[in-house]
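# A structural walkthrough
Take a look at the letters that make up each chain.
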Amino acid sequence: MLKNIKNSSLKSISLLKCVMVLLMTCAFTQYSHAQELKLKYFGGAGWEMSDGNVTILVDPYISRLKLGDSPSNSKDDTRKPYYPEDVYQSDTVTINKVLNKK
């Protein structure tokens, strides 16, 4: 039963993320003065949205979480593992490295 609850929670979170991206896109296009909105698909759920002045990056793998003690976690991965009861904190160092490359 706990597994079903976790799967349901993950599906709800995924749906929430999709809705948030849709809302961001709508807000972005509503307040944009550009004639054209360019979308670039990175694969998975990654997107770049740009009107030439403002760029929004949506990429769930920039600072992907290390989830718990999963057997799929690499032994070389020294990042902090996160558990359901933890509060997630964004990896701003990694995110800023990606943003500064652009």
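The model shown is predicted, which means the values in this text are computed figures rather than measured ones.

Right, let's talk about the overall build of the protein for a bit. Counting secondary structure elements, the protein contains two helices and five strands. Sequence-distant contacts, at least 24 apart, represent 20% of the contacts inside the protein between residues at least 6 apart.

Under the criterion given, the structure shown has two salt bridges. For Lys-80, the salt bridge goes to Asp-86, with nearest N and O atoms at 3.8 Å.

Turning next to a nonpolar patch on the surface. On the surface, Leu-15, Val-19 and Leu-23 cluster together to form a nonpolar patch covering roughly 290 Å² of accessible area. The topology assignment puts Leu-23 in helix H1 (residues 2–31).

The three strands are arranged E1-E2-E3 in an open sheet whose pairing can be described as antiparallel. Both edges of this open sheet fall to strand E1 (38–43) and strand E3 (55–58), since each of them pairs with a single strand only. Adjacent strand axes in the sheet meet at a mean angle of 10°, parallel and antiparallel pairs treated alike. Bridge analysis of E1 against strand E2 (residues 46–50) gives five bridges, and the strand direction is antiparallel. Each residue of the ladder has a partner; that of Gly-43, found in E2, is Gly-46.

For the coordinates displayed, the defined rule picks out two aromatic pairs. Where Tyr-41 meets Trp-47, the ring centres are 4.9 Å apart and the plane angle is 55°; that geometry is what we call tilted. Judged by relative accessible area, which is 30%, Trp-47 ranks as partly exposed. Note on Tyr-82 and Tyr-88: the rings are 5.7 Å apart at their centroids and 65° apart in plane angle, and the pair reads as edge-to-face. Assessed through its relative accessible area of 14%, Tyr-82 is described here as buried. Judged by relative accessible area, Tyr-88 falls into the partly exposed class, the value being 36%. A cation over an aromatic ring shows up here: Lys-80 above the ring of Tyr-82, its NZ or CZ 4.0 Å from the ring centre.

With respect to the helices and strands, the residue Glu-36 is situated in the loop between H1 and E1. With relative accessibility at 51%, the residue Glu-36 sits in the exposed group. With 15 residues separating them along the chain, Glu-36 and Asp-51 place their C-alpha atoms 6.1 Å apart. When near neighbours in sequence (up to four residues on either side) are disregarded, Glu-36 contacts Ser-50 and Asp-51.

A few words on the pairing of E2. Counting buried residues along E2, four of its five residues qualify, which places the element largely inside the surrounding structure. The hairpin formed by E1 and E2 contains two residues between the paired strands, and Gly-44 there has a positive phi angle of roughly 60°. Inspection of the sheet shows E2 paired to E3 by four bridges, in the antiparallel sense. Note that in E3 the partner of Glu-48 across the bridge is Leu-57. Once E2 ends, the chain turns through four residues before running back antiparallel as E3, passing Gly-52 with a positive phi of about 100°.

Definitions and limits used
- Residues numbered from 1 in each chain as written.
- Predicted model: local features only at pLDDT ≥ 70, side-chain atom pairs only at ≥ 80, totals over all residues.
- Heavy atoms only, no water.
- Helix = DSSP H or I, 4+ residues; strand = E, 2+ residues; numbered from the N terminus.
- Contact = heavy atoms within 4.5 Å.
- Salt bridge = Lys/Arg side-chain N within 4 Å of Asp/Glu carboxyl O.
- Patch = residues over 30% accessible without salt bridge, like charges linked within 9 Å, V, L, I, M, F, W, Y side chains within 5 Å.
- Areas by Shrake-Rupley, 256 points an atom, 1.4 Å probe, with all protein chains shown as cover.
- Pairing = 2+ DSSP bridges.
- Axes fitted to C-alpha atoms, helices over the stretch in contact; angles between N-to-C directions.
- Phe/Tyr/Trp six-rings, centres within 6.5 Å; stacked < 30°, edge-to-face > 60°.
- Buried < 20%, exposed > 50% of the residue type's maximum accessible area, 1.4 Å probe, protein only.
- Lys NZ or Arg CZ within 6 Å of the ring centre and 35° of its normal.

These figures come from the coordinates and say nothing about function on their own.
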